[in-house]
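A closer look at the structure
Residues per chain are reported as follows:
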Amino acid sequence: MGANGSYNKSLGGVPQDKRTHIETGHRIMGHKVLLQNGNRPQTKNIMNSNSESPTYLMAKLNEDGSLTVLNINQNKDHKIKFEINLKFDSHGNIRPYNGTESNTHAHEWYEGDDGNMHRKPTQGNSHLPIPNSYNDLIHAIEKFNKQKKHIIS
């Protein structure tokens, strides 16, 4: 679970010293909830993963110690391919896609000639709709966030 260029084929994973996220001990629908490791400059998404094609749930740590999942990262072949940015209203309910950055939306990623992952350019609006296949996961994340769970040590 690391930044651009961190996956090492000979090791079959991301070396410990290049990892950008830590596990929280939680899973939602079988997917790991991860927290940014504060030691890295680029930690919003997992660009390279140890597992071949995992879905990771990216959380932030709130002032009260609870976790809020804000992003879904879908990786393929150890690299990010799809990202969903979750947006919530003041009651913790999902703000559905409407084509703007202020509501839940998605982005596609591609590997550039430099070997790094980049957001895929689009014509016009770069905020993509969410495939229906993510609906159950998004609702489970909404429920998780409202439960105010903390890191399991």
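Given the structure is predicted, the values throughout are model-derived calculations rather than measurements. (Residues numbered from 1 in each chain as written. Predicted model: local features only at pLDDT ≥ 70, side-chain atom pairs only at ≥ 80, totals over all residues. Heavy atoms only, no water.)

**Brief notes about the nonpolar core**
The nonpolar side chains of a soluble globular protein tend to be buried with one another. For clarity, the threshold we go by: In plain words, nonpolar cores are sets of buried Ala, Val, Leu, Ile, Met, Phe, Trp, Tyr and Cys residues tied together by side-chain atoms within 4.5 Å. Three labels apply to residues, based on accessible area from a 1.4 Å probe with only protein chains included: buried if under 20% of the type maximum, exposed if over 50%, partly exposed otherwise in between. A helix here means a DSSP run of H or I that spans at least four residues, while a strand means a run of E at least two residues long, and both kinds are numbered starting from the N terminus. Residue contacts are defined here by distance: any two heavy atoms, one from each residue, within 4.5 Å place the two residues in contact.
Core analysis: the largest hydrophobic core is formed by 21 residues, its most contacted members being Val69, Ile72, Leu86 and Ile141. Only strand 2 (31–36), strand 3 (55–61), strand 4 (67–76), strand 5 (79–85) and helix 1 (135–146) provide two or more residues apiece to this core. Residue contributions to this core peak at four residues, all from helix 1. Each residue touching leucine 86, except ones within four places of it in the same chain, is listed here: Val69, Leu70, Asn71, Ile72, Ile94, Thr104, Ile138 and Ile141.

**Some words on the layout of surface pockets**
The condition is simple: Buriedness of a pocket was judged along seven lines, with at least five required to meet protein on both sides within 12 Å; pockets are open sets of points on a 1 Å grid over the protein atoms alone, cavities are sets where a 1.4 Å probe fits but cannot get out, and lining residues have an atom within 4 Å of a point. Grid points are joined across faces, edges and corners, and a volume is the space filled by probe spheres set on the points. Residue classes follow a fixed rule: Ala, Val, Leu, Ile, Met, Phe, Trp, Tyr, Cys and Pro count as nonpolar, while Asp, Glu, Lys and Arg count as charged, and any other residue, Gly among them, counts as polar.
By volume, the largest pocket is sized at about 190 Å³. In terms of lining residues, the largest pocket is bounded by Lys60, Asn62, Asp64, Ser66, Thr68, Leu70, Phe88, His91, Gly92, Asn145, Lys146 and Lys148. Looking at the lining of the largest pocket, the elements with two or more residues in it are strand 4 and helix 1. Its residues assigned to classes, the lining of the largest pocket comprises two nonpolar, six polar and four charged.

**Some details on the pairing of strand 3**
What counts, and what does not: In this analysis, strands are considered paired if DSSP registers two or more bridges between them.
Most of strand 3 sits inside the fold, with five of its seven residues counted as buried. Pairing analysis gives three bridges linking strand 2 to strand 3, with the strands arranged parallel. Bridging across to strand 3, valine 33 finds its partner in leucine 57. Direction of pairing for strand 3 relative to strand 4: antiparallel, over a ladder of seven bridges.

**Considering the pattern of salt bridges**
In plain terms, the rule: A side-chain nitrogen of Lys or Arg and a carboxyl oxygen of Asp or Glu constitute a salt bridge if their distance falls within 4 Å.
Tallied over the full model, the rule gives four salt bridges. Where lysine 32 meets glutamate 23, a salt bridge forms, and the shortest distance between an N and an O atom there is 3.0 Å. For lysine 32, a relative accessible area of 23% gives the class partly exposed. Given the relative accessible area of 44%, glutamate 23 is considered partly exposed. Glutamate 83 serves as the salt-bridge partner of arginine 119, at 3.6 Å between the closest nitrogen and oxygen. Residue arginine 119 is found in strand 7 (residues 117–119), and its partner glutamate 83 is found in strand 5; the two are separated by 36 residues along the sequence. Judged by its relative accessible area of 39%, arginine 119 falls in the partly exposed class. Using a relative accessible area of 0% as the deciding quantity, one classes glutamate 83 as buried.

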